[in-house]
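# Chain and residue survey
Listed below, chain by chain, are the residues.
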Amino acid sequence: MAGQVPVSLEYSYLLPDVEPEELASWQPAVTLMHERLEGGTGPGSAFLGWLDPAAIMPAEQLAAIQATAARLREATEVMVVVGIGGSYLGARAVIEALAAPGGPTVLYAGQTLSAEYTDWLLTYLKDKRFCINVVSKSGTTTEPAVAFRLLRDLLRRQAGAEANERIIATTDPDRGALRGVATKEGYQTFPIPANVGGRYSVFTAVGLLPIAYAGVDAAALLDGATACAAACRTPDLAKNPAYVYAAARNLLYRKGKSIELLATFEPRLHYLAEWWKQLYGESEGKRQMGIFPASVEFTTDLHSMGQWIQEGRRDIFETFVTIAGGQPAVMIPGDPDDADGLNFLAGKKSVDDVNRRACAGTILAHRQGGVPSMTITLPALAPRPLGALLYCFEKACGVSGYLLGVNPFDQPGVEQYKTNMFALMHKPGFETESAAVLAAVQERQGKHVVTF
């Protein structure tokens with residue numbers, strides 16, 4: 001990828017847990033899974049539209065998204081993205097990482113059923129000019145459906161006849177409850193491609209509309225993803241960091257490393273980690289298998305989780321995401337008393353220099369403590385590199401799931417909590433389940449409680 005796509009992967013700190021020769025021995029398996037993915041012959045083949053970012057986001061649709069974002073920025077000061085999981089996490093990851101301070105505000109709803117959060121959001125919006133981007137293939141998912149009802153009611157009371165012009169529905173192009181409502185009310189709509197699952201949808205209108213509203217260069221983000229997609233068409237482990245990552249994490253898993261920590265030294269990447277956790281957790285956690293994806297934010301978490309990582313159970317490995325350049329030059333000043341002993345840095349080192357040394361020292365310390373790691377590096381925190389990284393993780397996830405032996409494009413286990421919730425609320429159609437679920441809850445509820 002060097003010279004083409006701004007993503008590199010360093011795996012020296014996997015040794016001795018994973019040696020280069022051992023990794024290379026996985027080439028035939030990686031090639032086979034690559035061919036299944038690219039050829040659409042593996043499980044979940046109906047959901048591979050994300051493989052070609054340029055195809056799922058043609059130029060004319062991107063132009064329409066950018067024009068809509070510009071119109072909404074002129075008319076409003078806040079966009080509320082209503083969605084859960086992949087319907088908002090990709091957009092939030094990019095916005096938190098790249099949006100400039102002081103730009104348009106993007107808030108989120110439908111990702112929680114917290115009454116406290118919902119009340120705060122509705123109160124905050126009472127005197128704001130806001131728009132709604134409701135994102136759902138069906139329109140019936142409980143969390144976003146509840147939030148959309150409340151927000152739409154508030155917007156109608158505030159904006160009157162103009163309300164419908166401030167609601168954008170990103171939904172199924174042909175069917176579903178939200179599609180029906182949008183047609184009836186005359187909302188502007190953008191399609192969620194039928195062959196793209198939620199957690200792989202950041203390069204569709206799902207992600208790009210709120211990203212563009214926030215003032216981030218959506219075209220550059222998409223360009224990075226498209227370049228990465230082209231580079232990932234080779235299965236050669238010597239040329240494809242995405243596949244090195246996929247193979248290495250499966251090798252580590254077979255050696256008892258069942259927890260992966262995505263580690264960053266940049267707070268603006270917090271929601272990148274949240275997006276990554278859904279991508280890998282929902283894709284691989286099946287049939288009592290799969291690496292548990294967790295995240296840490298250093299150096300903050302070195303003072304909370306650092307001890308456990310250094311000397312706890314050795315069933316973990318780390319993937320570091322680092323930024324090579326482009327950080328602000330915040331220089332450390334001198335102090336006549338030098339009570340903190342930092343004058344050796346004064347005028348010579350920036351905060352970013354110190355952060356880089358902390359990163360290098362942490363990676364080494366954890367390897368010395370028995371934690372193998374890989375490091376993914378971007379040249380800068382900018383749209384094109386971030387687009388490449390997001391796609392790199394997506395492509396790696398597809399191959400990694402196939403290497404594990406699961407379908408990385410379905411999520412059957414997500415439905416059980418919904419069935420129980422609907423049964424307990426006596427939703428029509430769940431009468432058969434209601435009695436059994438209520439009995440199961442009552443059997444345990446309040447039986448073993450310790451109270452102060």
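Residues numbered from 1 in each chain as written. Predicted model: local features only at pLDDT ≥ 70, side-chain atom pairs only at ≥ 80, totals over all residues. Heavy atoms only, no water.

Tallied over the entire structure, the rule returns 18 aromatic pairs. Note on Tyr117 and Trp120: the rings are 5.9 Å apart at their centroids and 35 degrees apart in plane angle, and the pair reads as tilted. Linking Tyr117 with Trp120, this pair stays in helix 6 (residues 115-125), spanning three residues, or about one helical turn. What makes Tyr117 partly exposed here is its relative accessible area of 26%. Ring centres of Phe265 and Phe298 lie 5.5 Å apart, and the angle between their planes is 65 degrees; on these two criteria the pair is classed as edge-to-face. Of the two residues, Phe265 sits in the loop between strand 7 (259-264) and helix 12 (270-284) while Phe298 sits in the loop between strand 8 (292-297) and helix 13 (306-311), which places them 33 residues apart along the sequence. Across the pair, Phe298 and Phe265 agree in class, each one buried. Here a set of aromatic residues connected by ring pairs shows up, and it is made of Trp50, Tyr200, Tyr391, Tyr402 and Phe409. The ring of Tyr124 carries Lys128 above its face, with NZ or CZ at 4.2 Å from the centroid. (Phe/Tyr/Trp six-rings, centres within 6.5 Å; stacked < 30°, edge-to-face > 60°. Helix = DSSP H or I, 4+ residues; strand = E, 2+ residues; numbered from the N terminus. Buried < 20%, exposed > 50% of the residue type's maximum accessible area, 1.4 Å probe, protein only. Lys NZ or Arg CZ within 6 Å of the ring centre and 35° of its normal.)

A few words now on the layout of surface pockets. Each pocket or cavity is described by its volume, and for the largest pocket that value is around 920 Å³. As for the largest pocket, its lining consists of 36 residues, and the residues nearest its centre are Ile84, Thr141, Glu282, Gln411 and Lys418. Only helix 7 (142-159), helix 12 and helix 16 (415-424) provide two or more residues apiece to the lining of the largest pocket. Residues of the lining of the largest pocket, tallied by class, amount to 14 nonpolar, 14 polar and eight charged. Approximately 460 Å³ is the volume attributed to the second largest pocket. If you trace the second largest pocket, you find 23 residues lining it, with Glu266, Ile323, Gln327, Asp352 and Asn355 closest to the centre. Put simply, the parts of the chain that give the lining of the second largest pocket at least two residues each are helix 5 (89-98), strand 9 (316-325) and helix 14 (351-368). A total of five residues in the lining of the second largest pocket trace back to one element, the largest contributor, which is helix 14. Of the residues belonging to the lining of the second largest pocket, the class tally is 14 nonpolar, five polar and four charged. (1 Å grid on protein atoms, 1.4 Å probe; cavity = no way out; pocket = protein on both sides within 12 Å on 5 of 7 lines; lining within 4 Å. Points joined across faces, edges and corners; volume = space filled by probe spheres on them. Nonpolar A, V, L, I, M, F, W, Y, C, P; charged D, E, K, R; others polar.)

This next bit is on the side chain of Arg166. With respect to the helices and strands, Arg166 occurs in the loop between helix 7 and strand 5 (167-171). The contacts of Arg166, once residues within four sequence positions are left out, are Leu72, Ala75, Thr76, Arg129, Phe130, Cys131, Ile132, Leu155 and Ala159. (Contact = heavy atoms within 4.5 Å.)

Applying the stated criterion across every chain, the model contains one cavity of 30 Å³ or more. One number sums up the size of the largest cavity: a volume of about 60 Å³. Around the largest cavity, the lining residues are Ala109, Gly110, Thr112, Tyr117, Thr118, Leu121, Leu122, Ala147 and Leu151. Broken down by element, the residue count for the lining of the largest cavity peaks at four residues, all from helix 6. Looking at the lining of the largest cavity, its residues break down into six nonpolar, three polar and no charged.

This paragraph deals with helix 6. Listed in full, the buried residues belonging to helix 6 are Leu121, Leu122 and Leu125. Along the axis of helix 6, the buried residues cluster in a sector spanning 95 degrees; they form a single face. Exposed residues pointing more than 90 degrees away from the buried face of helix 6 are listed as Ala115, Glu116 and Asp119. Structurally, helix 6 contributes buried residues whose contacts are with strand 2 (78-82), strand 3 (105-109), strand 4 (130-135) and helix 7. The N-terminus of helix 6 is capped by Ser114, whose side-chain oxygen sits 3.3 Å from the backbone nitrogen of Glu116. (Arc of directions from axis to C-beta. Polar contact = N/O pair within 3.5 Å; in protein donor to acceptor, adjacent residues only side chain to side chain.)

Let us look at the pattern of salt bridges. Scanning the entire structure with this criterion turns up 17 salt bridges. A salt bridge links Lys255 to Glu22; the nearest nitrogen and oxygen atoms lie 2.8 Å apart. Here Lys255, found in the loop between helix 11 (241-254) and strand 7, pairs with Glu22, found in helix 1 (residues 20-24); they are 233 residues apart in sequence, far enough to count as distant. With a relative accessible area of 42%, Lys255 lands in the partly exposed category. Given a relative accessible area of 26%, Glu22 falls into the partly exposed group. Arg156 is the salt-bridge partner of Glu185, the closest N and O atoms lying 3.9 Å from each other. Taken as a pair, Glu185 in helix 8 (residues 177-185) and Arg156 in helix 7 lie far apart in primary sequence, 29 residues in all. (Salt bridge = Lys/Arg side-chain N within 4 Å of Asp/Glu carboxyl O.)

Turning our attention to the environment of Glu143. Positionally, Glu143 belongs in helix 7. Between the alpha carbons of Glu143 and Asp236 there is a distance of 43 Å; along the sequence they are 93 residues apart. Contact partners of Glu143, with chain neighbours within four places excluded, come to Ile84, Gly110, Leu113 and Tyr417.

Bringing the sheet that holds strand 4 into the picture now. Pairing in this open sheet of five strands is parallel, and the strands run 3-2-4-5-6 from one edge to the other. Only two strands of the sheet have a single partner each, and these edge strands are strand 3 and strand 6 (188-191). In this sheet, adjacent strand axes meet at a mean angle of 20 degrees when their direction is disregarded. Bridge count for strand 4 against strand 5 is four bridges, and the pairing is parallel. Pairing of Ile132 across the sheet is with Ile167, part of strand 5. Where helix 6 meets the sheet, its contacts fall on strand 2, strand 3 and strand 4, and the angle it forms with strand 3 comes to roughly 145 degrees. Across the sheet, helix 7 touches strand 2, strand 3, strand 4 and strand 5, and the angle it forms with strand 4 is around 155 degrees. (Pairing = 2+ DSSP bridges. Axes fitted to C-alpha atoms, helices over the stretch in contact; angles between N-to-C directions.)

Fair warning: the whole summary comes from geometry, so function is off the table for now.
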